[in-house]
Amino acid sequence: MHLNRKNDMPGTSSVTSRMALNDNKAGMEGLDKEKINKIIMENTIGSRYYKNEVKREAHVRERIKKMKERLQLCTSEQKENAMCKADAMIAEIEKGRDLTRTIIHIDMDAFYASVEERDKPELKKKPMAVGGMNMLSTSNYVARRYGVRAAMPGFIAKKLCPDLVIVPLNFSKYKEVSKEVQKIFAYYDPNFSAMSLDEAYMDVTEHLQDRLLYSKKTRSFAYNVENMYKRSSNQTEDIQQHSSDELMAEKHFKSFGFTAADVAEEIRFRIHQKTRLTASAGVGPNTLLAKIASDFNKPNGQTIISSLRDEVMNFMANLPIRKVNGIGKVSEQLLSSLDIKYCKDLLKNRSSLMLLFSPVSCSFFLRTALGCSSNRLEAESERKSISTERTFNACSCLDEQLEKLKELCQTLSNDMKKANVQGKTITLKTKTVDFELHTRSRSTLIPVSSVEELFEISHDLLKQEVALSNNNLSLRLMGIGLSKLEPISGTTQTSIKKFFGKIDNIGLKHKATEQLAVCGTSHSLFEKNNIVEELDDPDEADDKGGHCNPDELDVLSDDRFNLNLFNDKFGYNGHQVNTDSELVLDTTLLCPVCGRNDFENLQYLNEHLDLCLCGKNSITQNEKNGKHKEIALTSKSVSTAAVDEESYLSAIEANKTSDISDTVGVDFTCPICSVKFNASQTTLKYFNTHVDSCLNRKVIKNILQNDSKMSIVSTTKTKASKDGGKPKKRRKIDSCKGHTIDKFFS
């Protein structure tokens, strides 16, 4: 294949620049780019990848054309307004500039390749890359002299360097090394932010203050004895030839100073002694500057950016925009069309940026030009999604695709279990052999986490892709992801007994205070460590600073009315609980529904509560006029049959194996809707479920009615004030007789 063929292709010169070697990577300075680009083009023209790049390049050219047309149509007044907005945005950014923190960014040098070289020293002087023939993950610095770099197809890398050794990926080994490195990071910042296996940010501001009190011994670290000798195939024998005394004599320490530069050097030294790998460091007042600085002196070097504003501005002024993390190939093309090649050009052309890009993009560009970014690190931010994907050889067989999909579902399910999450939105990602990327999503009402659930939904999504391709779907990449995540909780659904336990705070405090008075307690209820605080969600209590051990969590998540919850709500403290079949208390128990307080133990209270919840018990109280009236459990008048509670309790006591959901020889009447249930055909569990549903409907209906009344009162007052007196009557609208949410609750 000859190079002159590319001249016959439309837009070849642009594609050449788009597909040209990106030599911004460390170790690729001073290469013969023309020769390398020639080899790349010769081995790419006519391929699916090349055709896809032609499409993408055409899309970018169209965007650039529209941008220039929009800019020409803008009036001078619009440009002035855009300039004012940009200046206001800059002023706001400057107001939030914080140069008081010290951030260190550590980036391991050619991490995957260096690990392989460490374990196989014979690879150090050979051009070597990690990955496969489809795609490389990284390359060592010897291979980079040939133009071989990450994100390059292996077959093209072989054309650039025929002697290239390609080593397959070994993620388990890389993760183990990464854990060793991250232990060192945690010494300087327990809340360090790991961006990947081979890089992390650390905020060492507090460490630098504490370091001023460190002795020289604390700031000294030993050389690794094994690193003091040349490692060979007989490396163990070489070390064993030296006696322990000789090793101690040869063992040296290195001490470090008090500055941020000293700390960065110390971290790099410790990493090398621990793993025999090198790392580069960048130090700056924020994450943006630290990240850029770490790439300036690679490999095995460091760069310090001052915390003075003027020095930050001077550093950023002549920095090529492509050096900024977040400005990629496409953004570089768009900005270059506006004569923006350096960060200082972003400020000069700020009015054009405001007219052509979104406010979010403009804010990013201006922050970059000013050298401003976040300097607050979060060790573990809330996870939004979790996913996995695989690249493979062209696959057009549906059975093989389904097999790969099942493997992905299995991997994702395992990752979810480790992260203790589940989700409601499943997304299938596919890339065809023509490099067309498609994503399809589906949401569920109930969170999913199992392999079967993931595969069932993703299988349906894949079927849609197959149907759209006329049963001719050929893939080279597939991935599956889950979003709308929530933690996997071991707690069960709140029971009706717990529902009644959530009494209004005022009434709860009143009853609890009365009960404490009966028990002879002299302490105020509100001095008892927030006794009346709701504890239905132990996780929430723990988040607020409470201390819940696993045993307490088990008790709190029990579906029965448990003693801990009862004590916390009603002020009983310090009672010994017998966890056997009979729970005996040394104080009077109070029914939170009817107020009865003559129960011998908690078992009787629980059984009485079941009857109260069914509306079978009623109590009488003396009112101010001395008359006795029956107090119903709800605001509705409920006519219920009298029930002999003692006979019911005896029946339960006689049948030890019966569950709370067993049928009882009495008819049930719902205290909310007055619907009757035949005892022979209804279990208490089913009846409780029905009451729970009625209660929820009633509560929501009352809320809707209250909101409606409030809006009517508000409207009436407004109209009355406008008319100076009588409000106007509303005209009835009879045409609106459709289904409403109120009808659902009626």
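Rules used throughout
- Residues numbered from 1 in each chain as written.
- Predicted model: local features only at pLDDT ≥ 70, side-chain atom pairs only at ≥ 80, totals over all residues.
- Heavy atoms only, no water.
- Helix = DSSP H or I, 4+ residues; strand = E, 2+ residues; numbered from the N terminus.
- Axes fitted to C-alpha atoms, helices over the stretch in contact; angles between N-to-C directions.
- Parallel < 35°, antiparallel > 145°, perpendicular 65-115°, else oblique.
- Left-handed = near helix turned anticlockwise from the far one by under 90°.
- Contact = heavy atoms within 4.5 Å.
- Nonpolar A, V, L, I, M, F, W, Y, C, P; charged D, E, K, R; others polar.
- Pairing = 2+ DSSP bridges.
- Phe/Tyr/Trp six-rings, centres within 6.5 Å; stacked < 30°, edge-to-face > 60°.
- Buried < 20%, exposed > 50% of the residue type's maximum accessible area, 1.4 Å probe, protein only.
- Lys NZ or Arg CZ within 6 Å of the ring centre and 35° of its normal.
- Patch = residues over 30% accessible without salt bridge, like charges linked within 9 Å, V, L, I, M, F, W, Y side chains within 5 Å.
- Areas by Shrake-Rupley, 256 points an atom, 1.4 Å probe, with all protein chains shown as cover.
- Salt bridge = Lys/Arg side-chain N within 4 Å of Asp/Glu carboxyl O.
- Core = buried A, V, L, I, M, F, W, Y, C linked by side-chain atoms within 4.5 Å.
- Expected span 1.5 Å × (residues − 1).
- pLDDT = per-residue confidence, 0-100.

S.K.: Give me the lowdown on unusual backbone geometry, citing residues and values where you can.
M.R.: The phi angle of most residues is negative, glycine excepted, and most peptide bonds adopt the trans form. Residue Pro-299 is bonded to the preceding Lys-298 through a cis peptide linkage, with omega at -10°. Position of Pro-299 among the secondary structure elements: in the loop between helix 13 (287–294) and strand 10 (302–304). Phi angles above zero are rare outside glycine, and Arg-276 is one such case at about 60°. Secondary-structure assignment places Arg-276 in the loop between helix 12 (260–275) and strand 9 (279–284). Phi is positive for Asn-420, which is not a glycine, with a value near 55°.

S.K.: Lay out the packing of helix 19 (residues 398–419) against helix 20 (residues 451–468) in plain terms, naming residues and giving numbers.
M.R.: At a minimum axis separation of 9 Å, helix 19 and helix 20 run at an interaxial angle of 140°. Accordingly, the angle class assigned to the pair helix 19 and helix 20 is oblique. Judged by the twist between their axes, the crossing of helix 19 over helix 20 is right-handed. Facing helix 19, whose interface residues are Leu-398, Gln-401, Leu-402, Leu-405, Lys-406, Cys-409, Gln-410, Leu-412, Ser-413 and Met-416, helix 20 presents Val-451, Leu-454, Phe-455, Ser-458, His-459, Leu-462 and Val-466. Classifying every residue of the contact of helix 19 with helix 20 gives 11 nonpolar, five polar and one charged.

S.K.: Give a description of the sheet that holds strand 4 (residues 165–167) that names residues and reports values.
M.R.: Read across the open sheet, the three strands follow the order 3-2-4; overall the sheet is mixed. With one partner strand each, in any of the chains shown, strand 3 (136–139) and strand 4 form the two edges of the open sheet. Neighbouring strand axes in the sheet, compared pairwise and without regard to direction, differ in orientation by 30° on average. As paired strands, strand 2 (residues 128–131) and strand 4 are joined by three bridges and run parallel to one another. Bridge pairing in strand 4 places Ala-129 opposite Ile-166. On top of the sheet, helix 5 (residues 111–119) reaches strand 2, strand 3 and strand 4; it is set at about 115° to strand 2, its chief contact.

S.K.: Lay out the environment of Leu-319 in plain terms, naming residues and giving numbers.
M.R.: Mapping Leu-319 onto the fold places it in the loop between helix 14 (309–317) and helix 15 (329–336). It is 5.7 Å that separates the C-alpha atoms of Leu-319 and Cys-343, two residues lying 24 residues apart in sequence. Residues contacting Leu-319, with those up to four places away along its chain left out, are Ile-292, Phe-296, Val-324, Lys-341, Tyr-342 and Cys-343.

S.K.: Hey, could you go over the packing of aromatic side chains for me, with residue numbers and the actual values?
M.R.: Applying the stated criterion across every chain yields a total of 13 aromatic pairs. The interplanar angle of 55° and the centroid separation of 5.8 Å between the aromatic rings of Phe-364 and Phe-365 together place this pair among those described as tilted. Taking relative accessible area as the criterion, Phe-364 reaches 31% and is therefore assigned partly exposed. According to the relative accessible area criterion, Phe-365 is buried, its value standing at 5%. Here the guanidinium or amino end of Arg-270 rests over the ring plane of Tyr-187, the centre of that ring lying 4.8 Å away. Against the face of Phe-455 rests Lys-406, its NZ or CZ located 5.4 Å from the ring centre.

S.K.: Tell me about the pairing of strand 6 (residues 199–203), and please be specific about residues and values.
M.R.: Counted residue by residue, strand 6 has five buried out of five residues, so it is predominantly covered. In strand 6, alternate side chains face the same way, and those of Glu-199, Tyr-201 and Asp-203 on one face and Ala-200 and Met-202 on the other are all buried. For strand 1 (residues 103–108) and strand 6, the ladder comprises five bridges, and the chain directions are antiparallel. Pairing of Asp-107 across the sheet is with Glu-199, part of strand 6. Bridge count between strand 5 (residues 193–196) and strand 6: three bridges; the pairing is antiparallel. Directly across from Ser-196, in strand 6, lies its bridge partner Glu-199.

S.K.: A description of the sheet that holds strand 12 (residues 421–432) should follow, citing residues and the corresponding values.
M.R.: If you trace the four strands from one edge of the open sheet to the other, you get 11-14-12-13, paired in antiparallel fashion. At either end of the open sheet lies a strand with only one pairing partner, and these are strand 11 (385–395) and strand 13 (437–448). Pairs of neighbouring strands in the sheet enclose a mean axial angle of 15°, with direction left out of account. Where strand 11 and strand 14 (residues 475–487) come together, eight bridges link them in antiparallel fashion. Across the sheet, residue Glu-389 finds its bridge partner in strand 14, namely Gly-479. Helix-sheet contacts for helix 19 involve strand 11, strand 12, strand 13 and strand 14, and the interaxial angle to strand 11 is about 155°.

S.K.: Lay out the environment of Glu-436 with the relevant residues and their values.
M.R.: Topologically, Glu-436 is positioned in the loop between strand 12 and strand 13. Overall, Glu-436 belongs to the partly exposed group, its relative accessible area being 35%. Distance from Glu-436 to Arg-476, taken between C-alpha atoms, is 9.9 Å for residues 40 residues apart in sequence. Discounting residues that sit within four places of it in the chain, Glu-436 has contacts with Lys-55, Thr-430 and Lys-431.

S.K.: Could you give an account of a nonpolar patch on the surface, with specific residues and numbers?
M.R.: On the surface, Leu-212, Leu-213 and Phe-258 cluster together to form a nonpolar patch covering roughly 360 Å² of accessible area. Looking at the secondary structure, you find Phe-258 in the loop between strand 8 (253–255) and helix 12.

S.K.: Requested: an account of the environment of Ala-279, with residues and values cited.
M.R.: Inspection of the secondary structure puts Ala-279 in strand 9. According to the relative accessible area criterion, Ala-279 is buried, its value standing at 1%. Linking Ala-279 and Phe-269, residues 10 residues apart in sequence, is a C-alpha distance of 8.8 Å. Setting aside anything within four residues of it in sequence, one finds Ala-279 in contact with Ile-106, Asp-107, Met-108, Asp-109, Arg-268, Ile-271, Asn-300 and Gly-301.

S.K.: I'd like a rundown of the nonpolar core, residues and numbers included.
M.R.: With 38 residues, the main nonpolar core has Leu-335, Leu-353 and Phe-357 as its most contacted residues. Counting residues per element, the ones that place at least two in this core are helix 3 (48–73), helix 4 (76–95), helix 13, helix 14, helix 15, helix 16 (343–348), helix 17 (350–356) and helix 18 (359–370). Once residues lying within four places of it in the same chain are set aside, the contact partners of Phe-357 are Met-67, Leu-334, Leu-335, Leu-338, Cys-362 and Phe-365. One finds Val-130, Tyr-188, Leu-208 and Val-263 within the second-largest nonpolar core, a separate group that totals 35 residues.

S.K.: Quick one: what's the story with the pattern of salt bridges, residue by residue and with numbers?
M.R.: Tallied over the full model, the rule gives 24 salt bridges. Note that Arg-97 and Glu-94 form a salt bridge whose closest N and O atoms lie 2.9 Å from each other. Owing to a relative accessible area of 22%, Glu-94 belongs among the partly exposed residues under this scheme. Members of the salt-bridge network, linked through shared partners, are Glu-94, Arg-97, Arg-309 and Asp-310.

S.K.: Describe helix 3, and please don't skip the residues or the numbers.
M.R.: With 26 residues, helix 3 extends 38 Å between its outermost C-alpha atoms, agreeing within 8% with the 38 Å of an ideal straight helix rising 1.5 Å per residue. Taken as a whole, helix 3 has its buried residues at Tyr-50, Asn-52, Glu-53, Glu-57, Val-60, Ile-64, Met-67 and Leu-71.

S.K.: Before we move on, can you summarise the confidence of the model for the protein chain with the specific residues and values?
M.R.: On average, residues of the protein chain score 74 in pLDDT, and 64% of them are at 70 or above. Across residues 1–12, where pLDDT falls below 50, the model places 13 contacts with residues more than four positions away in sequence or in other chains. Across residues 230–250, where pLDDT falls below 50, the model places 13 contacts with residues more than four positions away in sequence or in other chains.

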